[in-house]
There are 2 protein chains.
Amino acid sequence: MVSNKFITPDGYTSDIAVFTITSESNGQYKPLKKNLKIMLIKRSDRDHEGKLNIEAGKWALPGGFVRSSETAIQAAERKLYEETGVSGLRIKHFGVYDSPGRDERGWILSNAHYVIANEEFLKSRKTTKHASDIQLFTIEDALELNLAFDHRQIIDDAIWFIKKDMALTTLAKHFLPKEFVLSELQGVLLTVLDDPSIKADAAFFRKAPTLPFLEAVTENGKLKKSNRYSKTPAQLYRFNDFQPITSVYSNKLKG
Amino acid sequence: MVSNKFITPDGYTSDIAVFTITSESNGQYKPLKKNLKIMLIKRSDRDHEGKLNIEAGKWALPGGFVRSSETAIQAAERKLYEETGVSGLRIKHFGVYDSPGRDERGWILSNAHYVIANEEFLKSRKTTKHASDIQLFTIEDALELNLAFDHRQIIDDAIWFIKKDMALTTLAKHFLPKEFVLSELQGVLLTVLDDPSIKADAAFFRKAPTLPFLEAVTENGKLKKSNRYSKTPAQLYRFNDFQPITSVYSNKLKG
DNA sequence: AGAATAGTGTCTGTTAGACACTATGTG
DNA sequence: CACATAGTGTCTAACAGACACTATTCT
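In this convention, every chain numbers its residues from 1, walking through the sequence in written order. Throughout, the order in which chains and ligands are written sets their labels, letters from A for the former and numbers from 1 for the latter. Since the coordinates come from a predicted model, pLDDT governs what is reported: local features require at least 70, and pairs of side-chain atoms require 80 or more to be given and counted, while whole-chain, interface and lining totals use all residues. Hydrogens and water molecules were not included; the side-chain quantities draw on all heavy atoms of the structure.

> An account of the interface of chain A and chain B is needed here, citing residue identities and associated values.
What makes two residues a contact is simply this: any of their non-hydrogen atoms within 4.5 Å. In this complex, chain A contributes 57 residues to the contact, which on the side of chain B involves 58 residues. Summed over both partners, the interface of chain A with chain B buries about 4,600 Å², with 63% contributed by carbon and sulfur atoms. The rule for a salt bridge is simple: a side-chain nitrogen of Lys or Arg has to be within 4 Å of a carboxyl oxygen of Asp or Glu. Here chain A is connected to chain B by two salt bridges. Two residues, Asp195(A) and Lys254(B), come together in a salt bridge whose shortest N-O distance is 3.3 Å. Charged means Asp, Glu, Lys or Arg here, nonpolar means Ala, Val, Leu, Ile, Met, Phe, Trp, Tyr, Cys or Pro, and polar covers whatever is left, Gly included. Looking at the side of chain A that touches chain B residue by residue, the class counts come to 29 nonpolar, 17 polar and 11 charged. Here the quantity called buried area is the total loss of accessible area, with a 1.4 Å probe, experienced by two parts when brought into contact, counted for both.

If you want it as structure tokens, here you go:
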């Protein structure tokens, strides 16, 4: 029944869900309108050898086949750069998709990752793709598209993971500039999390400065402020290297 | 450079780290000595076709090749049953191991999972293996063995994941009987976590009954007690379906 | 002055942590 | 009665949450 050769998959791909939070100006001295977005690419009609491409024309996660000389993470890095011009970001594995029949070409595994990019970083990238073939979508819009393969499921799962990581780790820092104002942090958190104690201004502004993974920025011995988003100068903060650990059995943050 | 065939891996395996917490009696009416252990199997000299096996004689995680008609999770279930007699447990994915060169037979991917089994459950299993070829090791002992492939790394990572899940989810319930006494829960948590507020008896006994995912067991309208581990009858608790959610930005448990 | 953002003052109720104390049952 | 486990009483300091208040700056 079982052959004496190993049972070999027909392919191993690495796919990447690239998230960013876009900021729309809301007027001068106002906090920005923030929106969680995902970067998708339109599958071209033909591959790089000129052959008809599968799932052509559909929107899909960037990614592609892993080579035997690299890991899926390395492949993700390479494909991300080739397809979207993005590089240098922390790539995080979150799942494997291997249901029989998920790809009609055969038994093809997908190793799925997510990446958080801050908006400024994305703007500075260069890509060979036509701009219309690579776009940022809001999550709702993305999930309404006719997506290639099982990428809808993968995106769904990716969102669940970044929500979890946003709540449990200092993931928010990847969406923010090095130095930021509390209302920016609050905005980032609220695009992903729905937590009354983050929403409540007084509570958040009182709590945030005490968080062990945040520190006020100083300059020449004085607190550094910014009035990017308000007339009142607001204190700048940065993340430090503290890795908070929570537990359901006790509610003190540990490092 | 790239062939027109897909780049195909030479194999796709599913490996499972099976954890349990063993309890040694410490004397009558005493809490038990608990220890986190991992189940490993000794790779046999020849495979089921009689051919020489790779990494023969070394200790390894249970697992094996995934078939094209199943997912890695299903393969994990199947191999776990075939190799160790364990079935019916929740299998959780935690990583993929795909470094070139990790398996000298070729380009072989490992999809890694963990499983939590409670000790009583493990005792009741049946297996075709010789008892000496399948054993429970403490974590320290396991990491000192000469393990097959990169299974040392996989075990290391698995431990990290169960620590995290033990702290952040109600994972502890899989190590416990349906109804348990607070000192049992405390014992389970302490085998994996090092948290002063769990260690401190008074604090733990006061806090635990208020946790939203625990409830006191009643019988005929009365609180159900047990004196399994103490002369004083102790209240029995069970986990309910509450899924606690924590956050580093606020320290109220949400569901 | 008016408007908007960024905080702070203050009160109330809850909780963690420490430590001493009580409760229950065995031998 | 001694002892071990399973809690509870009580105090203190800290903190969350609510709501009103002040501070700063631009127009």
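Resuming the write-up.
> So, the protein's contact with DNA strand C: which residues are in play, and what are the values?
By nearness alone, 22 residues border DNA strand C, and Arg206(A), Thr232(A), Lys207(B), Lys231(B) and Thr232(B) come closest of all. Residue proximity to a molecule or strand is established when one non-hydrogen atom of the residue lies within 4 Å of it. Taking all atoms of DNA strand C within 4 Å of the protein, the share assigned to sugar and phosphate is 69%. Here Thr232(A) contributes a side-chain N or O atom positioned 2.7 Å from a base oxygen of DNA strand C. Two N or O atoms count as a polar contact when they lie within 3.5 Å, although within protein this holds only if one can serve as hydrogen donor and the other as acceptor, and sequence-adjacent residues are included solely when both atoms are side-chain atoms. Within the side chain of Arg206(B), a nitrogen or oxygen atom sits 3.5 Å from a base nitrogen of DNA strand C. A helix here means a DSSP run of H or I that spans at least four residues, while a strand means a run of E at least two residues long, and both kinds are numbered starting from the N terminus. If you list the elements that add at least two residues to the surface near DNA strand C, you get helix H7 (201–207), strand S13 (234–239) and strand S15 (250–254) of chain A together with helix H7 (201–207) of chain B. Grouping the amino acids of the surface near DNA strand C by side-chain chemistry returns nine nonpolar, seven polar and six charged.

> I'd like to hear about the UniProt feature "domain: Nudix hydrolase" (unreviewed entry) in chain A, residue by residue, with values.
UniProt positions are given in the numbering used here, feature names are shortened, and annotations may be inferred rather than shown by experiment. If you check UniProt for "domain: Nudix hydrolase" (unreviewed entry), the listed places come out as residues 11–163 of chain A in our numbering. The straight-line gap between the two end C-alpha atoms of residues 11–163 of chain A is 30 Å; of that span, 24% is helix and 33% is strand.

> Which residues make up the pattern of salt bridges, and what are the values?
By the definition in use, this model includes 34 salt bridges over all chains. Where Lys79(A) meets Glu83(A), a salt bridge forms, and the shortest distance between an N and an O atom there is 3.9 Å. Taken together, the positions of Lys79(A) and Glu83(A), both in helix H1 (residues 72–84) and four residues apart, correspond to about one turn of that helix. As far as burial versus exposure is concerned, Lys79(A) and Glu83(A) are alike and both buried. A salt bridge links Asp194(B) to Lys199(B); the nearest nitrogen and oxygen atoms lie 2.4 Å apart. Note on Asp194(B): relative accessible area 61%, which makes it exposed. Buried means the residue's accessible area, taken with a 1.4 Å probe over protein chains only, is under 20% of the maximum for its type, while exposed means over 50%, and partly exposed covers the values in between. Classification of Lys199(B) by relative accessible area gives partly exposed; the value is 45%. Salt bridges here are not isolated pairs; linked through shared partners, they connect Glu70(A), Arg78(A), Lys79(A), Glu82(A) and Glu83(A).

> Go over the protein's contact with DNA strand D, please, and point to the residues and values.
Around DNA strand D there are 22 residues in total, and Lys207(A), Lys231(A), Thr232(A), Arg206(B) and Thr232(B) lie nearest to it. A share of 69% of the atoms of DNA strand D within 4 Å of the protein falls on sugar and phosphate groups. At a separation of 3.1 Å, a phosphate oxygen of DNA strand D approaches a polar side-chain atom of Ser183(B). Separating a base oxygen of DNA strand D from a side-chain N or O atom of Thr232(B) is a distance of 2.7 Å. For the surface near DNA strand D, the secondary-structure elements that each account for two or more residues are H7 of chain A together with H7, strand S13 (234–239) and strand S15 (250–254) of chain B.

> Explain the relation of the copies chain A and chain B to me, and be specific about the residues and the numbers.
A least-squares superposition brings the copies together, and it is based on the C-alpha atoms of residues with pLDDT no lower than 70 in both. Mapping chain A onto chain B calls for a rotation angle of 180° and an axial translation of 0.0 Å; the resulting RMSD is 0.0 Å. The operation mapping one copy onto its partner corresponds to a two-fold rotation axis. The residues that chain A uses at the interface reappear at the interface of chain B in 100% of cases, marking a shared surface.

> Give a description of helix H4 (residues 151–168) of chain B that names residues and reports values.
If you check H4(B), its first and last C-alpha atoms are 25 Å apart, about what 18 residues at 1.5 Å a residue would give, namely 26 Å. Among the residues of H4(B), His151(B), Ile154(B), Ile155(B), Ala158(B), Ile159(B), Ile162(B), Asp165(B), Met166(B), Ala167(B) and Leu168(B) are the ones counted as buried. Multiply 1.5 Å by the residue count of a helix minus one, and that product is the helix's expected span.

> Hey, could you go over the packing of helix H4 (residues 151–168) of chain A against helix H5 (residues 182–192) of chain A for me, with residue numbers and the actual values?
Residue and element names in this part refer to chain A. With axes taken as lines fitted to C-alpha atoms, and helix axes fitted only over the stretch in contact, angles between N-to-C directions fall between 0 and 180 degrees. Relative to each other, H4 and H5 sit at 140°, their axes nearing to 9 Å. In this view, H4 runs oblique relative to H5, as classed from their interaxial angle. Once H4 is placed against H5, the crossing between them reads as left-handed. Each of Ile162, Lys163 and Met166 in H4 lies in contact with H5, whose residues at this interface are Val188, Leu189 and Val192. Should an angle fall under 35 degrees it is called roughly parallel, over 145 degrees roughly antiparallel, and 65 to 115 degrees roughly perpendicular, with every other angle called oblique. What makes a crossing left-handed is the near helix being turned counterclockwise from the far one by less than a right angle; a clockwise turn instead makes it right-handed.

> How would you summarise the environment of Asp241(A) if you had to cite specific residues and measurements?
Residues and elements named next belong to chain A. As for its placement among the helices and strands, Asp241 is situated in the loop between S13 and strand S14 (245–247). According to the relative accessible area criterion, Asp241 is exposed, its value standing at 71%. Spatially, the C-alpha atom of Asp241 lies 34 Å from that of Arg67, the residues being 174 residues apart in sequence.

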